[in-house]
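Coordinate inspection notes
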Amino acid sequence: MQQAPLLEVKDLACERGDHRLFSGLNFALAPGELMQVQGANGSGKTTLLRTLCGFVQPVQGSVHWCGQDIGEWDDDFHAEMCYLGHLNAIKDELSALENLQMSAGLAGYTASDQQAVAALRRMGLQRREHLPVRVLSQGQRRRVALARLLIGDAHLWILDEPLTALDVGAVGLMQELIGEHLSKGGMTIFTTHQPLQVAGVQTRLLVLS
Amino acid sequence: MNRLSLFGLLGLVVRRDLLLAMRRRADVLTTLIFFVMVVSLFPLGVGPEPELLRKMASGVVWVAALLASMLSLPRMFSADHADGTLEQMMLAPQSLSVLVLGKIVAHWMLSGLPLALIAPVLGLQFDMPAQALWILVLALLLGTPVLSMIGAVGAALTLGLRGGGVLVSLLVLPLCIPVLIFGAGAVEAVSSGMSAVSNLSLLGAFMLFALVFTPFVAAQALRISME
């Protein structure tokens, strides 16, 4: 069953400095769809994702959510999406549990201890919940950041290199999580240099050159 | 899954910043110790003349408070900027101004409030009368939030710039002059037997004015710096 697209990008053009990264970009994303943005270093993958979040204003064109420009959506659009950037947005001084509860709070939810611990366990961080993030490895920190996806009910996941520093097991787990998210009618747009296959879902490719 | 209200989010940001400060106490103590040191240096430098010290007490305390509150300003948003938390704050489904207000409140509780509370002890070094000490605390309680609020705008504007630390002081200090004048003026008025009401009212007015405008302006400045 083909559903109407929720996210639409129309004739988008972005610049970084005076350099035109891409122009005339059109695509639409419907519930249950998975899109991978591909391109060489510096081709504008991160800029595209940041434009979708509203951090960067496009030089030309527009991004629509449910038929309305995201600039007009204001803060309500943010409740519908979850962005994970290059930076993990976690604090070294706080424990994994505190970090997760704080980021859930910033996303507008209250996460109980049980919910947060369950999310961290799912991400393979058993017995690490109360350790300061400072003592965790890069991969484990990434897992703490990714645990944010499990809390909340955002429709649209925007993931910038989600697999950085993750081991094989965690990559498998991510494929599983994205699969679950899509089967619930979610959408995911991501960039990666590693292969990421979700069972039963055709990954759409968007190549920036 | 419960949704956070506007005040829930405000409380969360304040709690978070206080918790982070408790995990690295050195930052908080630096501001306080700097304030105590600067104020204590004056009697040593000027000499033990009670008349002179009493006269300059309020000015010295206020200038020291102003300088001390500049110390922690560059750190106000830089850590959140560096680790990506600021991006997530912008994606919060509530207004960014509320989050900025939360950070301002936390900043004041860590850098303004301790100064106001310790000021009477320092005032004693200058042989200030009891009534003047009370007014000094009151004036600092009204004035230091303005310093944090104006400082937040400066910190947001200089975010990510090289040498932003010095720049923020150059930007913010001139804007704080009215607070300095009326803050020190309140104590001066009481010492010379007049009422401090007019000075304190003006400080209160500054605070309300800053409360309405600065979180919004700082939020806009943060948005610009994220591009």
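In what follows, the accompanying structure is described. All values derive from a computational prediction rather than experimental measurement. (Residues numbered from 1 in each chain as written. Chains lettered and ligands numbered in written order. Predicted model: local features only at pLDDT ≥ 70, side-chain atom pairs only at ≥ 80, totals over all residues. Heavy atoms only, no water.)

Residues and elements named next belong to chain A. Using the criterion set out here, one finds two cavities of 30 Å³ or more in the structure. Around the largest cavity sit 19 residues that line it, and His-78, Met-81, Cys-82, Ala-107 and Tyr-109 are the ones nearest its centre. Mapped onto the lining of the largest cavity, the elements with two or more residues apiece are α3 (75-79), β6 (81-84) and α4 (96-106). When residues of the lining of the largest cavity are assigned to their parent elements, the largest contribution, three residues, is made by β6. Its residues assigned to classes, the lining of the largest cavity shows 13 nonpolar, four polar and two charged. Of the volumes computed, that of the second largest cavity is approximately 70 Å³. (1 Å grid on protein atoms, 1.4 Å probe; cavity = no way out; pocket = protein on both sides within 12 Å on 5 of 7 lines; lining within 4 Å. Points joined across faces, edges and corners; volume = space filled by probe spheres on them. Helix = DSSP H or I, 4+ residues; strand = E, 2+ residues; numbered from the N terminus. Nonpolar A, V, L, I, M, F, W, Y, C, P; charged D, E, K, R; others polar.)

We now examine the interface of chain B and chain A. Listed as interface residues are 31 residues of chain B and, on the opposing side, 32 residues of chain A. The partner of A:Arg50 in a salt bridge is B:Glu87, and the shortest N-O contact between them spans 2.6 Å. Of all the elements in the fold, those that place two or more residues in the side of chain B that touches chain A are β1 (2-3), α1 (6-23), α4 (75-82) and α5 (85-90) of chain B. For the side of chain B that touches chain A, the element with the highest residue contribution is α1(B), accounting for seven residues. (Contact = heavy atoms within 4.5 Å. Salt bridge = Lys/Arg side-chain N within 4 Å of Asp/Glu carboxyl O.)

With that settled, consider the nonpolar core. Across soluble globular proteins, you tend to see nonpolar side chains buried next to one another. Counting 102 residues, the largest nonpolar core has A:Leu156 and A:Ile189 as the members making the most contacts within it. If one sorts the elements of this core by residue count, helix α8 (residues 130-157) of chain B sits on top with 14 residues. A:Leu34, A:Ala111, A:Val117 and A:Leu136 belong to the second-largest nonpolar core, a separate cluster that totals 38 residues. (Core = buried A, V, L, I, M, F, W, Y, C linked by side-chain atoms within 4.5 Å. Buried < 20%, exposed > 50% of the residue type's maximum accessible area, 1.4 Å probe, protein only.)

Looking now at the sheet that holds strand β9 (residues 187-191) of chain A. Residue and element names in this part refer to chain A. Strand order in the open sheet made by the five strands is β6-β8-β9-β3-β10, with parallel pairing throughout. The open sheet is flanked by β6 and β10 (203-207), the only strands paired with a single partner. The average undirected angle you get between the axes of adjacent strands in this sheet is 15°. As defined by bridge partners, strand β3 (residues 34-38) adjoins β10 across five bridges and the pair is classed as parallel. Across the sheet, the residue bridging to Gln-36 is Leu-205, located in β10. Along the sheet, helix α1 (residues 45-53) makes contact with β3, β6, β8 (156-160), β9 and β10, crossing β8 at roughly 150°. (Pairing = 2+ DSSP bridges. Axes fitted to C-alpha atoms, helices over the stretch in contact; angles between N-to-C directions.)

Residue and element names in this part refer to chain A. Following the criterion strictly, the structure yields zero disulfides over all chains and no others. The thiol of Cys-53 is not disulfide-bonded; the next cysteine sulfur, from Cys-82, is found 9.4 Å away. Counting only cysteine sulfurs, Cys-53 is the nearest neighbor of Cys-66, a cysteine outside any disulfide, at a range of 16 Å. Looking at Cys-66, the relative accessible area reads 43%, which means it is partly exposed. (Disulfide = S-S within 2.5 Å.)

Bringing the sheet that holds strand β2 (residues 19-29) of chain A into the picture now. Residue and element names in this part refer to chain A. As summarised here, the arrangement of the four strands in space is β2-β1-β4-β5, forming an open sheet in which the pairing is antiparallel. One side of each edge strand has no neighbouring strand; the edge strands of this open sheet are β2 and β5 (68-69). Note: strand β1 (residues 7-16) against β2, seven bridges, orientation antiparallel. Bridge pairing in β2 links Val-9 to Phe-27. α1 contacts β1, β2 and β4 (60-65) of the sheet and is inclined by roughly 125° relative to β1.

Any functional reading would require information that these geometric values do not contain.
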